[in-house]
Each structure stands twice: as C-alpha cells, then as structure tokens.
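Coordinate analysis (summary)
Spelled out, the chains give:
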Amino acid sequence: MSEIKVNILANGPLVVSGPVVIVDPQQNEIKIAEGDSAYLCRCGASKRKPFCDGEHHAVDFKAADAAPTD
C-alpha cells in the first residue's frame with residue numbers, strides 16, 4: 001500500500017495523492033485510487049468544492065508562505 005501524500009501548492013490547492021477516501025458531509029465517499037490525485041480547494045471560491053476549479057487565479061488567492069511549525 002502506498003502512503004498518502006498531501007502537497008500544498010503555492011497560492012493554490014492541496015494535492016492529495018491516493019489511495020485515499022474523501023468523505024463529504026453527507027457521508028458520500030469519493031475514492032482516489034493509488035497513483036491518482038485530488039486537488040482540494042483552499043481559497044473557498046471554487047464552484048466544485050471540495051475540489052479546486054482554478055478559481056483561486058480569478059480571486060488572486062495568496063496563501064501563507066509556509067505551514068506553521070509550532
């Protein structure tokens with residue numbers, strides 16, 4: 001089994017690499033197969049939440065430079 005990896009793209013989405021299962025508030029499961037990735041919205045502007053639709057470009061989303069270490 002591969003490890004799950006989450007990459008934070010600069011001023012963009014979180015990239016979650018599978019295998020992983022994403023569960024929405026209604027408990028619907030979205031399965032991401034090993035070797036596949038899901039791009040999750042961080043800016044809040046996507047019309048396809050929880051997935052990124054590229055809207056972060058239009059709203060000029062600026063994220064923190066790095067994740068806090070404490």
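In what follows, the structure referred to is the one given above.
Here the structure is a predicted model, which means the values were calculated and not measured.

1. Quick word on the nonpolar core
By size, the foremost hydrophobic cluster in this structure holds seven residues: V16, V20, I22, I32, A38, L40 and F51. Broken down by secondary-structure element, the contributors of at least two residues to this core are β3 (20-23) and β5 (37-40). When residues no more than four places from it in sequence are discounted, the contact partners of V20 are I4, I30, K31 and I32.

2. Some points on the sheet that holds β5
Taking strand neighbours across the sheet as the criterion, the three strands line up as β1-β2-β5 in an open arrangement whose pairing is antiparallel. Among the strands making up the open sheet, the edge pair consists of β1 (5-8) and β5. Taken pair by pair, the neighbouring strands of this sheet meet at an average axis angle of 20 degrees, ignoring direction. Where β1 and strand β2 (residues 14-17) come together, four bridges link them in antiparallel fashion. When the bridges of β2 are listed, I8 appears paired with L14.

3. Things to note about the environment of Y39
With respect to the helices, strands and loops of the structure, Y39 is situated in strand β5. In this structure Y39 comes out as partly exposed when scored by relative accessible area, which is 43%. Taking the C-alpha atoms as reference, Y39 lies 12 Å from K5; in sequence the two are 34 residues apart. Those residues in contact with Y39 that lie beyond four places of it in its chain are L9, P13, L14, V15, P50, F51 and C52.

4. Some remarks on the side chain of S46
You can see S46 is positioned in the loop between β5 and α1 (55-58). Within the local environment of S46, its side chain forms a polar contact with the backbone oxygen of F51, the two atoms lying 2.5 Å apart. Setting aside residues up to four positions removed in sequence, S46 forms contacts with C41, F51, C52, D53 and E55.

5. A closer look at the pattern of salt bridges
Using the criterion set out here, one finds one salt bridge in the structure. D60 is the salt-bridge partner of K62, the closest N and O atoms lying 3.1 Å from each other. D60 sits in the partly exposed class, given a relative accessible area of 49%.

6. Details of unusual backbone geometry
Here the amide bond leading from G18 into P19 is cis, since omega sits at 15 degrees, within 30 degrees of zero. Positive phi, normally seen in glycine, also occurs at N11, with a value near 55 degrees. Tracing the chain through its elements places N11 in the loop between β1 and β2. The class of N11 is partly exposed, set by a relative accessible area of 29%. Positive phi outside glycine occurs at Q27, with the angle close to 70 degrees. On the secondary structure map, Q27 appears in the loop between β3 and β4 (29-32).

Rules behind the numbers
Residues numbered from 1 in each chain as written. Predicted model: local features only at pLDDT ≥ 70, side-chain atom pairs only at ≥ 80, totals over all residues. Heavy atoms only, no water. Core = buried A, V, L, I, M, F, W, Y, C linked by side-chain atoms within 4.5 Å. Buried < 20%, exposed > 50% of the residue type's maximum accessible area, 1.4 Å probe, protein only. Helix = DSSP H or I, 4+ residues; strand = E, 2+ residues; numbered from the N terminus. Contact = heavy atoms within 4.5 Å. Pairing = 2+ DSSP bridges. Axes fitted to C-alpha atoms, helices over the stretch in contact; angles between N-to-C directions. Polar contact = N/O pair within 3.5 Å; in protein donor to acceptor, adjacent residues only side chain to side chain. Salt bridge = Lys/Arg side-chain N within 4 Å of Asp/Glu carboxyl O.

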